[in-house]
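Working through the structure, step by step
The lines below spell out each chain.
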Amino acid sequence: MTKAEALIAGVDEAGRGPLAGPLLCAAVILHPDRPIIGLRDSKQLKAHEREALRSEILAKAWAYAIIEISHSEVDRRNIFQATMEGMRRAIAALNPAPSSALIDGNKVPSGLICQARAIVKGDQLEACISAASILAKTRRDALMQEHAKTYPGYGFEIHKGYPTPAHLAALNALGACAIHRHSYAPVRKVLLMQAELF
């Protein structure tokens with residue numbers, strides 16, 4: 001295997017569904033001579049397993065990049081376009097540049113620096129996509145833990161911004177905070193109710 005043949009990037013995101021916080025996109029090129037045991041979809045791993053694998057990925061990967069797309073950019077672009085842009089930036093940030101990329105999902109971003117193909121459930125099928133999934137998820141979880149300190153009462157440290165019953169109850173009780181995504185229906189509904197009160 002030549003170096004060029006080995007430079008295959010796995011690309012995934014974390015945070016498409018949450019009502020608050022950023023979207024994280026990651027790209028990883030695994031090193032063929034530094035195997036990482038136990039890579040799989042981040043959602044199938046416990047938090048401590050993700051953290052252990054995260055450390056190993058950072059230490060052993062040939063290259064990685066993690067891109068944060070803010071909640072306001074998600075609102076401005078829409079979640080699909082924000083995801084495509086985040087993946088595009090993550091691939092472009094890799095050094096060395098990949099020869100090809102494997103994208104989790106069914107769409108390939110336009111304007112990539114290399115050839116790419118989409119793989120449905122790729123985070124369960126390709127180790128490099130699993131690695132990207134883990135980096136995106138762990139970084140996003142850490143950011144939401146920090147946001148929980150700035151915006152107490154919403155439970156961001158627990159649900160990480162996803163629309164759980166507890167989050168929806170807090171949203172209705174407290175109103176939207178600065179990191180909520182205004183383009184998402186439950187947040188938009190609360191914002192309209194807040195506007196009617198003033």
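Data block above holds the structure.
Residues numbered from 1 in each chain as written. Predicted model: local features only at pLDDT ≥ 70, side-chain atom pairs only at ≥ 80, totals over all residues. Heavy atoms only, no water.

Brief notes about the packing of helix H2 (residues 47-60) against helix H6 (residues 127-150)
Where H2 contacts H6, the two axes come as close as 9 Å, and the packing angle between them is 115°. Judged by the twist between their axes, the crossing of H2 over H6 is left-handed. Contact residues: Arg 50, Glu 51, Leu 53, Arg 54, Ile 57 and Leu 58 in H2; Ala 131, Ile 134, Leu 135, Lys 137, Thr 138 and Asp 141 in H6. The residue makeup of the contact of H2 with H6, split by class, is six nonpolar, one polar and five charged. (Axes fitted to C-alpha atoms, helices over the stretch in contact; angles between N-to-C directions. Helix = DSSP H or I, 4+ residues; strand = E, 2+ residues; numbered from the N terminus. Left-handed = near helix turned anticlockwise from the far one by under 90°. Contact = heavy atoms within 4.5 Å. Nonpolar A, V, L, I, M, F, W, Y, C, P; charged D, E, K, R; others polar.)

A word on helix H8 (residues 165-174)
When we look at burial in H8, the residues that qualify are His 167, Ala 170 and Leu 171. Looking straight down H8, one finds its buried side chains confined to an arc of 100°; they lie on one side. Exposed and oriented more than 90 degrees from the buried face of H8 are Pro 165, Asn 172 and Ala 173. Two residues or fewer after H8 comes Gly 175, characterised by a positive phi angle close to 85°. (Buried < 20%, exposed > 50% of the residue type's maximum accessible area, 1.4 Å probe, protein only. Arc of directions from axis to C-beta.)

Structural notes on the pattern of salt bridges
Evaluated as defined, the whole model comprises 10 salt bridges. In this structure, the salt-bridge partner of Asp 41 is Lys 43, at a minimum N-O distance of 3.3 Å. On the accessibility criterion, Asp 41 (3% relative accessible area) is buried. Across the salt bridge formed by Glu 146 and Lys 149, the nearest N and O atoms sit 3.2 Å from each other. You can see Glu 146 and its partner Lys 149 sitting in helix H6, three residues apart, about one turn around the helix. Since its relative accessible area comes to 61%, Lys 149 is described here as exposed. Taken together, the shared-partner salt bridges in this structure form one network comprising Glu 73, Arg 77, Glu 85, Arg 88 and Arg 89. (Salt bridge = Lys/Arg side-chain N within 4 Å of Asp/Glu carboxyl O.)

A short note on the sheet that holds strand E5 (residues 115-119)
Strand order in the open sheet formed by five strands is E3-E2-E1-E4-E5, with mixed pairing between adjacent strands. Bordering the open sheet on either side are strand E3 (63-69) and E5, each of which pairs with just one other strand. On average, adjacent strands in this sheet sit at an angle of 20° to one another, irrespective of strand direction. Packed onto the sheet, H6 meets strand E1 (8-14), strand E2 (23-29), E3, strand E4 (100-104) and E5 and runs at close to 35° relative to E1. (Pairing = 2+ DSSP bridges.)

A few points about the packing of aromatic side chains
Enumeration over the complete set of coordinates arrives at one aromatic pair. When the centroid spacing of 5.3 Å and the interplanar angle of 10° are considered together, the rings of Tyr 154 and Phe 156 count as stacked. A relative accessible area of 7% places Tyr 154 in the buried class. (Phe/Tyr/Trp six-rings, centres within 6.5 Å; stacked < 30°, edge-to-face > 60°.)

Quick notes on the environment of Gly 17
Mapped onto the elements of the fold, Gly 17 is located in the loop between E1 and E2. Linking Gly 17 and Tyr 184, residues 167 residues apart in sequence, is a C-alpha distance of 9.3 Å.

Brief notes about the nonpolar core
In this structure, Val 11, Ile 91, Leu 94 and Ala 101 are the most contacted members of the largest nonpolar core, which totals 27 residues. Going through the elements one at a time, E1, E2, E3, helix H4 (79-92), E4 and helix H9 (185-197) are the ones with two or more residues in this core. Apart from the residues within four sequence positions on either side, Leu 94 is in contact with Ala 9, Ala 27, Ile 29, Ala 63, Tyr 64 and Ala 65. Residues Leu 39, Ile 66, Ile 119 and Leu 135 belong to the second largest nonpolar core, which totals 21 residues. (Core = buried A, V, L, I, M, F, W, Y, C linked by side-chain atoms within 4.5 Å.)

Without other data, these values stay purely geometric and don't point to any function.
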